[in-house]
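Here's the letter readout for the chains.
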2 protein chains.
Amino acid sequence: MKLQQLRYIWEVAHHDLNVSATAQSLFTSQPGISKQIRLLEDELDIEIFTRSGKHLTNVTPAGEAIIKLSGEILGQVANIKRIAQEYNKEERGELRIACTAQLNRDTLPGLIARFSVAYPEVVLSLYEGTPSEIEGWLIDGEVDLAISNEDIGFTPDVVRIPCASWQRALLLPKGHPLTEIEVVTLKALSEYPLITYSFDAPRGSDLTKAFKKQGHEANIVFTATDAQVIGNYVEQGIGIGIITAMPVEVANHGTLEVISLKSLLPACMTYICASKKLFLRTYMYAFIELTAPHLTQGVVERVFAKRGKAQIENSLMTAEINVQ
Amino acid sequence: MKLQQLRYIWEVAHHDLNVSATAQSLFTSQPGISKQIRLLEDELDIEIFTRSGKHLTNVTPAGEAIIKLSGEILGQVANIKRIAQEYNKEERGELRIACTAQLNRDTLPGLIARFSVAYPEVVLSLYEGTPSEIEGWLIDGEVDLAISNEDIGFTPDVVRIPCASWQRALLLPKGHPLTEIEVVTLKALSEYPLITYSFDAPRGSDLTKAFKKQGHEANIVFTATDAQVIGNYVEQGIGIGIITAMPVEVANHGTLEVISLKSLLPACMTYICASKKLFLRTYMYAFIELTAPHLTQGVVERVFAKRGKAQIENSLMTAEINVQ
DNA sequence: CCCCATTACGTAGCACGTAACAATG
DNA sequence: CATTGTTACGTGCTACGTAATGGGG
């Protein structure tokens with residue numbers, strides 16, 4: 001059994017069982033992969049993939065389990081490399097970050113700018129996806145850190161640390177009826193078409209959940225990835241916007257009005273997540289600390305040392321800083 | 001990076017940094033290992049071992065971390081092989097069991113006899129050691145299952161399942177003063193020299209703890225590995241014996257008397273343990289079930305699926321059967 | 001002076017690439 | 001017929017073993 005063989009079966013399984021495509025992405029030849037997989041199957045005396053003629057059609061149950069373990073092994077091999085680099089005081093390294101579209105526009109650019117000044121030799125890769133996709137990438141070890149503002153990190157092997165919370169706000173055209181009301185209610189909001197962020201959280205957006213909880217239905221007619229776009233459509237009269245009160249300003253000052261929904265909707269939490277098995281390099285701790293100043297290396301190390309997610313949440317909710 | 005290189009550094013670290021001895025135990029040449037370690041160190045650009053002249057003298061901090069990860073990787077590789085054999089419906093396999101001396105004499109022979117009738121093709125290895133040693137073997141993956149009657153399994157990655165509890169009993173020469181007393185107390189026991197099992201539990205024997213709890217001191221003058229030997233020395237008048245009321249009979253019927261200590265000392269619990277990361281083959285489940293009939297594959301699977309030791313203890317203490 | 005790790009060197013094996021082949025849709 | 005996996009084959013690398021070398025205790 002060779003590490004490459006494990007890598008090959010893992011990669012093929014993650015390339016829709018297409019060996020040719022896998023070979024291309026690994027910059028090697030297709031027969032090489034084919035042969036190594038065959039050799040591994042011979043050695044283990046088991047079929048990992050089912051074949052129909054000249055096509056890989058499926059993964060056997062045994063293959064399923066073996067590919068999963070292979071993924072963990074490859075992750076630990078990557079950790080060994082990280083450890084070596086870290087003790088070697090290498091400034092170089094790699095940092096793969098996943099985030100949602102919203103954060104990608106509003107929050108990350110600033111973070112990344114500051115990070116890459118401090119660590120110019122770290123190669124940054126940024127992946128944008130839905131919370132579900134992000135969670136999958138974390139589990140598969142395809143990204144190192146993830147930042148999300150919807151619920152994420154329910155898998156036991158993913159550590160989730162709350163790093164900031166944002167109040168929501170209502171974005172209205174000037175003179176809209178709701179600007180006249182003293183106290184805006186969910187019931188009132190449910191009577192207007194809403195524009196908010198695109199989401200695809202594995203357990204549903206907490207916005208829709210908040211409406212449901214009071215027996216109303218959020219009538220979301222349009223979603224966009226960032227506040228600016230939402231503002232534009234509010235201006236067009238498509239609906240009223242619900243955004244997070246992020247530090248970035250919406251440019252449409254003249255024609256729009258912002259009303260805080262602090263008492264009406266739950267705060268929107270931003271989480272930073274990583275696989276519990278990841279060996280964290282110094283620059284990774286540094287990046288986490290950039291997202292929230294109280295998340296020092298010591299704090300994060302303690303979170304990772306703990307088992308059981310409940311403990312983690314408790315220990316951090318108290319330390320959490322509420323950024324408005 | 002090759003799997004063999006990881007194996008080599010792990011084995012060398014577990015052979016007192018003696019490369020020659022490691023080579024012998026792996027049936028390979030010493031220069032081969034030496035070279036591969038060097039190659040790995042070159043590739044990672046880091047020292048794993050410190051050398052003074054021609055001797056390996058120490059493990060570097062980085063080496064420490066890398067060797068630990070290597071151990072986990074090798075364990076998962078072993079799991080892949082187990083998975084392959086299992087799905088291949090192989091009857092063959094390997095089962096390495098660790099146990100304490102006491103269980104090795106009194107309990108295991110019967111278990112193993114029954115097991116090897118059911119699974120004649122499984123190669124059994126039995127390792128006898130102190131609870132501390134046993135725990136180390138489990139963590140290092142040098143044994144698959146462990147059975148211990150002292151406290152063990154405090155490491156987070158070790159699953160501990162109670163499988164039987166035994167009452168303790170007093171072994172006295174006929175006509176001994178204690179046979180006249182209606183109710184034996186710890187205070188009374190503390191006034192006689194005691195003979196009991198050898199132990200080396202990581203947190204101390206629960207026998208001595210029981211005495212301490214009531215402010216007395218157990219005056220243990222002699223320890224032996226099994227009840228038979230203890231009986232012989234009780235017969236010699238060296239002291240009075242404290243044994244577990246195991247199903248095996250002490251042969252010295254004529255000259256000795258047995259008094260139950262059920263109400264005086266806590267029951268002695270026997271645990272079966274395994275690394276949480278171990279892939280359990282069918283015959284391993286079968287062996288566990290032999291130790292306690294209520295530990296069916298389904299029950300054990302559920303225990304392994306859970307995280308956090310607290311949950312495990314709770315779920316099982318209730319299901320536990322009290323064998324007298 | 002013994003033990004031990006490293007260096008030197010030769011060989012057998014194997015991973016990988018190119019090219020031809022076969023099967024699927 | 002285009003795409004994809006397998007077989008065939010040649011080559012260059014490398015893991016491993018034997019033998020020789022050198023450093024410590």
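Being a predicted model, the structure only gives us computed values, none of them experimental.

A. Highlighting the sheet that holds strand β4 (residues 122-128) of chain B. Residue and element names in this part refer to chain B. Strands sit in the order β4-β3-β5-β12-β6 across an open sheet of five strands; the sheet is mixed. The sheet is open, and its two edges are formed by β4 and β6 (158-166), each paired on a single side. Taken over all neighbouring pairs, the strand axes of this sheet differ in orientation by 20 degrees on average, direction set aside. Each of β3 (93-99), β4 and β5 (145-148) is contacted by helix α6 (residues 108-118), which is oriented at about 170 degrees to β4, the strand it contacts most. Here helix α11 (residues 282-291) sits on the sheet and contacts β3, β4, β5, β6 and β12 (268-275); the angle it forms with β3, its principal contact strand, is near 35 degrees.

B. Fine view of the nonpolar core. Core analysis: the largest hydrophobic core is formed by 55 residues, its most contacted members being Ile9 and Phe49 of chain A together with Ile9 of chain B. Counting residues per element, the ones that place at least two in this core are α1 (3-13), α2 (19-25), α3 (30-44) and α4 (61-87) of chain A together with α1 (3-13), α2 (19-26), α3 (30-44) and α4 (61-87) of chain B. If we ignore the near neighbours within four places in the chain, the residues touching Ile9 of chain A are Ile37, Leu40, Ile48, Phe49, Ile66, Ile67 and Ser70 of chain A. In terms of nonpolar packing, the next biggest core, distinct from the first, is built from 30 residues, Tyr119, Val122, Leu278 and Val303 of chain A among them.

C. Local environment of unusual backbone geometry. Positioned with a positive phi, Leu17 of chain A is a non-glycine residue whose angle comes to about 60 degrees. Looking at the secondary structure, you find Leu17 of chain A in the loop between α1 and α2. With a phi close to 60 degrees, Asp45 of chain B is a non-glycine residue in the positive phi region. In this fold, Asp45 of chain B is placed in the loop between α3 and β1 (49-52).

D. View of the relation of the copies chain A and chain B. When chain A is fitted onto chain B, the two copies agree to an RMSD of 0.0 Å after a turn of 180 degrees and an axial shift of 0.0 Å. The superposition of one copy onto the other is thereby described by a two-fold rotation axis. Taking the C-alpha atom as reference, chain A places Ile73 of chain A closest to the rotation axis, 2.8 Å from it.

E. Quick peek at the packing of α6 of chain B against α11 of chain B. Residue and element names in this part refer to chain B. Packing of α6 against α11 brings their axes to within 10 Å, and their N-to-C directions diverge by 140 degrees. Judged by the inter-axis angle, α6 sits oblique to α11. For α6 against α11, the interelement crossing comes out right-handed. Only Tyr283, Phe287, Leu290 and Thr291 of α11 make contact with α6, whose side of the interface consists of Leu108, Leu111, Ile112, Arg114 and Phe115. For the contact of α6 with α11, the per-class residue count stands at seven nonpolar, one polar and one charged.

F. Here's a closer look at helix α7 (residues 131-140) of chain A. Residue and element names in this part refer to chain A. Within α7, burial applies to Pro131, Ile134, Glu135, Trp137 and Leu138. Buried residues in α7, looked at end-on, bunch into an arc of 160 degrees, giving them a common side. Close packing links the buried residues of α7 with β3 (93-99), β4 (122-128), β5 (145-148), β6 (158-166) and β12 (268-275). Remark: Gly141 follows α7 within two positions and exhibits a positive phi of approximately 70 degrees.

G. Spotlight on the pairing of β6 of chain A. Residues and elements named next belong to chain A. Among the nine residues of β6, nine are classified as buried, and the element is accordingly described as predominantly covered. Bridge analysis of β6 against β12 gives eight bridges, and the strand direction is antiparallel. Counted as the bridge partner of Val158 is Ser275 from β12.

H. Looking closely at the interface of chain A and chain B. Taken together, the 27 residues of chain A in the interface contact 27 residues of chain B. Of the roughly 2500 Å² buried between chain A and chain B, counting both surfaces, carbon and sulfur atoms make up 74%. When the buried surface of chain A facing chain B is broken down by residue, Met1, Gln76 and Ile80 of chain A rank first, second and third, together holding 23% of it. Inspection of the region where chain A meets chain B yields zero salt bridges.

I. Structural view of the sheet that holds strand β11 (residues 256-260) of chain B. All names here are of chain B. What the five strands build is an open sheet, ordered β9-β8-β10-β7-β11; its pairing is mixed. Both outer strands of the open sheet, β9 (220-224) and β11, are each paired with one neighbouring strand and no more. Going across the sheet, the axis of each strand differs from the next one's by a mean of 30 degrees, ignoring polarity. Sheet topology places strand β7 (residues 168-173) next to strand β10 (residues 240-244); four bridges connect them, and they run antiparallel. Counterpart to Leu170 in the pairing with β10 is Ile242.

J. Region of the structure containing a nonpolar patch on the surface. All names here are of chain A. A surface patch of nonpolar side chains, amounting to about 230 Å² of accessible area, comprises Val221, Tyr233 and Ile238. Within the element layout of this structure, Tyr233 appears in helix α10 (residues 227-235). A relative accessible area of 32% means that Tyr233 is categorised as partly exposed.

K. Geometry of the protein's contact with DNA strand D. Around DNA strand D sit 22 residues, and of these Ser20, Gln30, Ser34 and Lys54 of chain A together with Lys2 of chain B come closest. Asn18 of chain A is positioned such that a nitrogen or oxygen atom in its side chain is 3.4 Å from a phosphate oxygen of DNA strand D. Between DNA strand D and the protein, one listed contact pairs a phosphate oxygen with a backbone N or O atom of Val19 of chain A at 2.8 Å. Of all elements in the fold, only α2 and α3 of chain A together with α1 and α3 of chain B reach the threshold of two or more residues within the surface near DNA strand D. Here the surface near DNA strand D gets four residues from one element, more than from any other, and that element is α3 of chain A. Looking at side-chain class alone, the surface near DNA strand D contains six nonpolar, eleven polar and five charged residues.

L. How the structure looks around the protein's contact with DNA strand C. The local shell around DNA strand C holds 22 residues, among which Lys2 of chain A together with Ser20, Gln30, Ser34 and Lys54 of chain B are the closest. Protein-proximal atoms of DNA strand C, defined as those within 4 Å of the protein, fall in sugar or phosphate at a share of 76%. With respect to DNA strand C, the side chain of Gln4 of chain A contributes an N or O atom lying 3.3 Å from a phosphate oxygen. Note that a phosphate oxygen of DNA strand C is positioned 2.8 Å from one of the side-chain N or O atoms of Ser29 of chain A. Of all elements in the fold, only α1 and α3 of chain A together with α2 and α3 of chain B reach the threshold of two or more residues within the surface near DNA strand C.

M. Focus on the pattern of salt bridges. Inspection of the entire model under this criterion finds 22 salt bridges over all chains. Close ionic contact of Lys277 of chain B with Asp157 of chain B constitutes a salt bridge, the shortest N to O distance being 3.4 Å. Taken as a pair, Lys277 of chain B in the loop between β12 and α11 and Asp157 of chain B in the loop between β5 and β6 lie far apart in primary sequence, 120 residues in all. What you see here is one network of salt bridges that share partners, running through Lys68, Glu72, Asp157 and Lys277 of chain A.

Cut-offs and rules
Residues numbered from 1 in each chain as written. Chains lettered and ligands numbered in written order. Predicted model: local features only at pLDDT ≥ 70, side-chain atom pairs only at ≥ 80, totals over all residues. Heavy atoms only, no water. Pairing = 2+ DSSP bridges. Helix = DSSP H or I, 4+ residues; strand = E, 2+ residues; numbered from the N terminus. Axes fitted to C-alpha atoms, helices over the stretch in contact; angles between N-to-C directions. Contact = heavy atoms within 4.5 Å. Core = buried A, V, L, I, M, F, W, Y, C linked by side-chain atoms within 4.5 Å. Buried < 20%, exposed > 50% of the residue type's maximum accessible area, 1.4 Å probe, protein only. Least-squares fit on C-alpha atoms with pLDDT ≥ 70 in both. Parallel < 35°, antiparallel > 145°, perpendicular 65-115°, else oblique. Left-handed = near helix turned anticlockwise from the far one by under 90°. Nonpolar A, V, L, I, M, F, W, Y, C, P; charged D, E, K, R; others polar. Arc of directions from axis to C-beta. Buried area = accessible area lost by both parts, 1.4 Å probe. Salt bridge = Lys/Arg side-chain N within 4 Å of Asp/Glu carboxyl O. Patch = residues over 30% accessible without salt bridge, like charges linked within 9 Å, V, L, I, M, F, W, Y side chains within 5 Å. Areas by Shrake-Rupley, 256 points an atom, 1.4 Å probe, with all protein chains shown as cover. Near = heavy atom within 4 Å. Polar contact = N/O pair within 3.5 Å; in protein donor to acceptor, adjacent residues only side chain to side chain.

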